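Chain by chain, the residues:
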Amino acid sequence: MRKTFIYVASALLAASGLSSCTNLDETLYDQVASGNYYNTKEDVIRAVLRPFEHGYWSIQSRQVLNEETADQLITPTREDWWDDGGRWARLHRHKWLTTNGEAQSEYNGCFQGIMQANLVIEDLEKRSARQFGFSEAEFNNLKAQNRVLRAWFYLRLLDAFRNVPLAVSYYDTSKNSEGQVEPQKVYDFIETELKEAIPELSKKTSLGGNQNLEGEWTQAGAASLLVRLYLNSKTYIGRERFNDCEKVAQDILDGKYGVYKVADRWDAAFDWNNETCDEVIFGFPGAPGYSHWHYSADMYMWTVPAKSNEWLHDKKNKAGGHNIKYSCSPSFNSDGTPYHFELGMPIARFKDYPSDVRLKKYRNLGNSQREGMFVYGKIQYTDDEGHTQYLMDHNSKFVLDLRDAVGRFGGMDGDRWLASGDSKLENGDDNSGWMFVKYPLYPDGDAGQTQADYAEIRLPEIIYSLAECKLRKGDAVTAAKLLNSVRKRNYPSTDWATALYAPEGSAHLDMKEMLNEWGREFFAEGRRRVDLIRFGKFLDSWWDKDADADNHTLIFPLHPDILGANKHLVQNPGYESGR
C-alpha cells in the first residue's frame, strides 16, 4: 500500500451548511472502496478520497515527460552516475523509442486513476444522500469531485497521447470505447464534464487561503482546467479557442468562481503553510509521515547536490535522501563561451532582469523561512561539530563549484574553464548546471519540513493565460499589466521602471518574451513541454538537441505492453516502426 494520504475530509462537505455533519477534520484514509464498503458517511468520504491519493502520486510521471523533454531542465551524466542507459539523453533529444516505456507510467497512471474515479462515481449514483445523512448538495459535490478529477486525468492523456480510449464506466465496459477515439471526442468529454460539475462544487468565499478546502476541486479549480483546455485547443483539436479561454480566465479573476489573490512573495505558494496562500487554487495536501509526493525523486527532492543533507541538515527527512538529478540547461559552453540559443538557458533568461530575488542562492533562514531559488557556486555550511565545510561531489573527490555549464570540471574553481568546448549530456559531472529549490528543503526539527502542499493550479497561471490571449490579439498593453501584477513581486520596487513591461516599465513584451516569462514564473512546474508546443517551439533546436526531423514527437508512443493488452489500440503516428 502506498503512503497514506492526509486529507482534510470535511472540505468535501463544504457545498452547504455543515453544522449537523460529523467532524472529519484531518482523518487519515488509505483504504480502497469495495462493493459492500459503503456503510457510513465516513466510508463514503474514504471512497471519494482514494482516487485523489492516486492522482497526487501520478504527478511524478508528468513531471518527467514535460520537463525532461523540454528546454529548461536536464539530467547530464555525473561521471559514473546518471547515464541510465541513455534514458535522459533520449528524452532531451526527442529520440525516445516505443520499447523504452518513457511514457508508459503516464498512460497507466492516468487510466488507473480514471477507473478509480469511475468506480466511485457509479457507486454513488447507486446510493442516496439520505442513506448516509448527507444533504443533496453535499452528495452532489462528492460526485462532482471525482468527475473533475477524471477530467484532469483525461486532459493529461489528451496532452501526452492525443489518441486514447474513452472509458466512462467501471462496471459496464460496454460503455467504454474498444480502441482509441478521436481527440475531439475526449476534448468534448472533458469540457462537458467540467461545465456540468462546476455548479455542484464548493466556492471559496473569502481570503485566507484554501484552508480546509485544500485538496478539493472547487468551482475555480474546475474552471481553471477549462482555461488549460481552451488555451491549448489548437494543439489538441486543431481549433483555436483563445476567446473562450479569455472569458473563463477573466471570470476567475473577477471572482465568479471564488475569491483569490496573488501572493506578495514568489515562494508563498510553495511554502510550508501554503494552504493559507490565496493564489493556490488547487493543491494536493501533503504532510511529513504521510503523502508528500512532490518531495519524491522525480520531483523536487533530487534538484540539489547528492550530499545536500549535510548542507541542509535534513538527514532524517522522511522524504528520503537527495541526489543530483535535475540541473538547469546551460548558458555557457564548457570553455566559457556564451551560448545564444533562443530556447533553454533558463539562468540567462532569469538574468535578463538581474535584480530578480529568485536568483539569490538558496538558504534556510530558520523558523520555516528561506530565500532564493537557485543553488550554484561553492556551498558553505557548518557541520554538526560547528566547523565550516564545503559541499563535495558524490564521490567526495572535490569541492563542488556549480556553474551554468556542462562539462567535467572536477575541482576547478568556478571562474576557470576547460581548454575546449565539448558540452553535451554525456560529458557532465557534479559541477554541471545550476540546481534549484522550488519547494523548501527545511532542516530536521523545523516544523515546516515537507509540510508544503503541492500547488497544482495557481492564480498566476490564470493571469498568464489571459495575458497570452490578450497578446495574441494585439493588446500588448493589457497583457503587460496582467503580467506585471505578478512579476512586480520578483523585483525591488526601485527597479520596476526597468523590470516591468511597458507601459508600467521599459521592458518589451512580445510573443518571444511571453514564452520566456512562462518559463520564469512556472520554472520546473511540469508544464514546459506544453507551453513550447503551443508556441510552436517544441520541435526546434536547443542545447545538445537538433531540430526534430518531423512532428511525430509532439505526442508520445504507446508501449508494446499497452498495445498487447488491448488488440483494438493502434500505435500513434510516426512510431509504427518502433522508433
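- As recorded in an unreviewed UniProt entry, the protein chain goes by SusD family protein and comes from Segatella salivae DSM 15606.
- As recorded by UniProt, the Subcellular location (unreviewed entry) comment attached to the protein chain reads in full: "Cell outer membrane".
- Comment text from UniProt for the protein chain, heading Sequence similarities (unreviewed entry), reads "Belongs to the SusD family."

## Some words on the confidence of the model for the protein chain
Parts of the model with low pLDDT should not have their predicted coordinates read in detail.
Step number 1: In the predicted model, the protein chain carries a mean pLDDT of 93, and the fraction of residues at 70 or more is 93%.
Step number 2: The lowest-confidence element of the protein chain is strand S2 (residues 27–29), averaging 33 in pLDDT; the highest-confidence one is helix H13 (residues 459–472), averaging 99.
Step number 3: Note that residues 1–33 has pLDDT below 50 and, in this model, 95 contacts with residues that lie over four places away or in other chains.

## Remarks on the pairing of strand S12 (residues 454–458)
Step number 1: Extensive coverage of S12 is indicated by the burial of five of its five residues.
Step number 2: Of the pairings in the sheet, the one linking strand S4 (residues 280–284) to S12 comprises four bridges and is antiparallel in character. Residue pairing across strands places Phe-284 opposite Tyr-454, the latter belonging to S12.

## Side note on the UniProt feature "domain: SusD-like N-terminal" (unreviewed entry) in the protein chain
Step number 1: Sequence positions flagged by UniProt for "domain: SusD-like N-terminal" (unreviewed entry) are, in local numbering, residues 85–231.
Step number 2: The distance from the first to the last C-alpha atom of residues 85–231 is 36 Å, and the span holds 59% helix and 0% strand.

## Describing the nonpolar core
Step number 1: In terms of nonpolar packing, the biggest core is built from 143 residues, with Tyr-154 and Phe-374 touching the most fellow members.
Step number 2: Counting residues per element, this core draws most heavily on helix H6 (residues 136–160), which supplies eleven residues.
Step number 3: When near neighbours in sequence (up to four residues on either side) are disregarded, Tyr-154 contacts Phe-111, Ile-114, Pro-165, Leu-166, Ala-167, Val-186, Phe-189 and Ile-190.
Step number 4: Listed in part, the 13 residues of the second largest apolar core include Ile-45, Val-120, Leu-124 and Phe-134.

## Focus: the pattern of salt bridges
Step number 1: Tallied over the entire structure, the rule returns 53 salt bridges.
Step number 2: A salt bridge links Lys-537 to Glu-342; the nearest nitrogen and oxygen atoms lie 3.2 Å apart. With Lys-537 in the loop between helix H17 (528–534) and helix H18 (560–565) and Glu-342 in the loop between strand S5 (327–328) and helix H12 (346–350), the pair connects residues that are 195 residues apart, well separated along the chain.
Step number 3: On the accessibility criterion, Glu-342 (37% relative accessible area) is partly exposed.
Step number 4: Among the salt bridges present, the one from Arg-534 reaches Asp-531, with a minimum N-O distance of 3.0 Å. Separated by three residues within a single helix, Arg-534 and Asp-531 lie in helix H17, roughly one turn from each other. Each member of the pair, Arg-534 together with Asp-531, is buried.
Step number 5: A network of salt bridges, in which partner residues are shared, links Arg-62, Arg-228, Glu-456, Glu-461, Glu-468, Arg-472, Arg-527, Asp-531 and Arg-534.

Reading guide: rules and limits
Residues numbered from 1 in each chain as written. Predicted model: local features only at pLDDT ≥ 70, side-chain atom pairs only at ≥ 80, totals over all residues. Heavy atoms only, no water. UniProt positions renumbered as here; feature names shortened; annotations may be inferred. pLDDT = per-residue confidence, 0-100. Helix = DSSP H or I, 4+ residues; strand = E, 2+ residues; numbered from the N terminus. Contact = heavy atoms within 4.5 Å. Buried < 20%, exposed > 50% of the residue type's maximum accessible area, 1.4 Å probe, protein only. Pairing = 2+ DSSP bridges. Core = buried A, V, L, I, M, F, W, Y, C linked by side-chain atoms within 4.5 Å. Salt bridge = Lys/Arg side-chain N within 4 Å of Asp/Glu carboxyl O.

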